Amino acid sequence: MTGRTAKKIAGILAIILAALMLLPFLITILSGSASAAVTKADLNKLKAQAAELSKESKKLANELQNLRANKASAIRQKNIIDNQITVLEEEITTSNQILQSLSEQIAQKETEIAEAEAREADEFELFKKRVRAMEESGTASYWGVLLKAESFSDLLCSLDVINEIIKFDRELMARLKAEREAIEVAKAELEESKLDQEATKAELERQIQELQSRYEEQNLYIKELEAAEEEGTEEYEAMLKEMERVNKEVNKMAAELAKQSKYVGGEYLWPTPGYYTITSPYGRRYHPILKKYSTHTGVDIGAPSGAKVLAANAGTVIIAGWNTAYGNYIVINHGGGQTTLYGHMSKLLVKKGDTVKRGDNIGLVGSTGWSTGPHLHFEISINGETKNPMNYFKDK
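Residues numbered from 1 in each chain as written. Predicted model: local features only at pLDDT ≥ 70, side-chain atom pairs only at ≥ 80, totals over all residues. Heavy atoms only, no water.

Colleague: I'd like to hear about the overall build of the protein, residue by residue, with values.
Modeller: Along the protein, the regular secondary structure elements total 4 helices and 13 strands. Long-range contacts, defined here as pairs at least 24 residues apart, represent 71% of the contacts in the protein between residues at least 6 apart. Summing over all exposed atoms, the protein offers an accessible surface of approximately 22,500 Å²; the carbon and sulfur share of this is 54%. (Helix = DSSP H or I, 4+ residues; strand = E, 2+ residues; numbered from the N terminus. Contact = heavy atoms within 4.5 Å. Areas by Shrake-Rupley, 256 points an atom, 1.4 Å probe, with all protein chains shown as cover.)

Colleague: Quick one: what's the story with the nonpolar core, residue by residue and with numbers?
Modeller: In this structure, Ile330, Ile332, Tyr342, Ile362 and Phe378 are the most contacted members of the largest nonpolar core, which totals 23 residues. Looking at this core, the elements that each hand over two or more residues are strand 4 (299-302), strand 7 (327-333), strand 8 (338-345) and strand 12 (375-382). Top contributing element to this core by residue count: strand 12, with 4 residues. What Phe378 contacts, discounting residues up to four positions off in sequence, is Pro271, Gly298, Val299, Ile301, Ala312, Thr340, Leu341, Tyr342, Pro389 and Phe393. Core analysis: the second largest hydrophobic core is formed by 7 residues, Ile85, Leu88, Ile92 and Ile208 among them. (Core = buried A, V, L, I, M, F, W, Y, C linked by side-chain atoms within 4.5 Å. Buried < 20%, exposed > 50% of the residue type's maximum accessible area, 1.4 Å probe, protein only.)

Colleague: Please give an account of the pattern of salt bridges that cites residues and values.
Modeller: Following the criterion strictly, the structure yields 4 salt bridges and no others. Glu210 serves as the salt-bridge partner of Arg206, at 3.1 Å between the closest nitrogen and oxygen. A residue pair is termed a helical-turn pair when its members lie 3 or 4 positions apart in one helix, as Arg206 and Glu210 do in helix 4 (residues 152-259) at 4 residues. The class of Arg206 is partly exposed, set by a relative accessible area of 40%. A relative accessible area of 42% means that Glu210 is categorised as partly exposed. The salt bridge involving Lys351 is made with Asp354; its shortest N-O contact spans 3.3 Å. On the accessibility criterion, Lys351 (55% relative accessible area) is exposed. For Asp354, a relative accessible area of 21% corresponds to the partly exposed category. Residues joined by salt bridges that share partners form a network here, namely Glu203, Arg206 and Glu210. (Salt bridge = Lys/Arg side-chain N within 4 Å of Asp/Glu carboxyl O.)

Colleague: Summarise the packing of aromatic side chains; cite the residues concerned and give the values.
Modeller: For the structure on display, the rule yields 6 aromatic pairs. Among the aromatic residues, those joined into a cluster by ring pairs are Trp270, Tyr276, Tyr342, Phe378 and Phe393. (Phe/Tyr/Trp six-rings, centres within 6.5 Å; stacked < 30°, edge-to-face > 60°.)

Colleague: Go over the sheet that holds strand 11 (residues 361-364), please, and point to the residues and values.
Modeller: What the 3 strands build is an open sheet, ordered 5-11-9; its pairing is antiparallel. Of all the strands in the sheet, the pair left with one neighbour each is strand 5 (308-310) and strand 9 (347-348). (Pairing = 2+ DSSP bridges.)

Colleague: Can you explain the environment of Arg175? Please cite residues and give values.
Modeller: Mapping Arg175 onto the fold places it in helix 4. Exposure remark for Arg175: the relative accessible area of 48% places this residue in the partly exposed category. When the C-alpha atoms of Arg175 and Glu120 are compared, they prove to be 9.4 Å apart, with 55 residues separating the residues in sequence.

Colleague: Describe the side chain of Glu379, listing the residues and the values that go with them.
Modeller: On the secondary structure map, Glu379 appears in strand 12. A relative accessible area of 3% places Glu379 in the buried class. At a separation of 2.7 Å, a polar atom in the side chain of Glu379 contacts the side chain of Tyr326. Every residue in contact with Glu379, bar those within four places of it in the chain, is listed here: Thr297, Gly298, Tyr326, Thr339, Thr340, Leu341, Thr386 and Pro389. (Polar contact = N/O pair within 3.5 Å; in protein donor to acceptor, adjacent residues only side chain to side chain.)

Here you go:
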């Protein structure tokens, strides 16, 4: 996708630069000698060229915005992958701790089994010694007890003792065997749990490898986007500088045309009645597309969308249309080289060639063009040079 975008940008720039190379010659022809008068036809031709540049500029700006949006999205995805890797690493750490605990428990069970087997062996040895001693004393069998009995009561007592000893030995051996078998079962369960945990750990490690691969791919993609963005930004900035030069020529021609009639007179009227907050003053300011400081040729007046925009003075509408930067905008010629510009409007209520009076409603506040919210961009130009509008409204 990055390659196609870069090619598209290069194509647009080729068209724009070709047009820009011709513009100086066009301007020279239109300007003519020092004594030649500027006509409306001359101005219209140059405006048409500027409008075409503005249209192509908008396309390039959109491409740059898309690149930046893709880059921001890619960075967010990379951060998500990074967080996933961190979580999986924590899970593996926990898994290792569980495996360590299981290994220790299995080792403990092995020790317990060995101890149980030793107790069984010890008790069996004692049992054999006891039987041997009883055989030697003649009390290991019922016949021996019968022959040694001095009385019937002595016989019964001896038989009870033998039966108790036999019962005790059997119960003891059975208990020891059950204890050993229970430990072996517990050990087998622990070993099974350990196998399951090792499988879980192996799966977690597989997932981490997969995520790390995606992380590296995302990093590479971001670098490609950054390179394309840097290249596009440099070319776009160069084009904007050339466009600014062309626009100055347009303003100069408009001013020359305005000189052909006298200034209508009177003071300028504030263009947004009831709204006086300046959200961005005249002069240097941060550019929303280039992400750097540039010259702001007017003032931005904060006002809600749909608020009335009034003609600051009487005159003739010489521009009423669309511009990439200004969006829907109007330029009014007040004569004597003075013009006013109204930008970012949501709706235009006059058209090119209309005659307006001071205070006429010419449009509605909006947020078209390069705008981050509803406001009116207002400019005053004298002889083709923009001036700080606030110098003409001493009470504002």
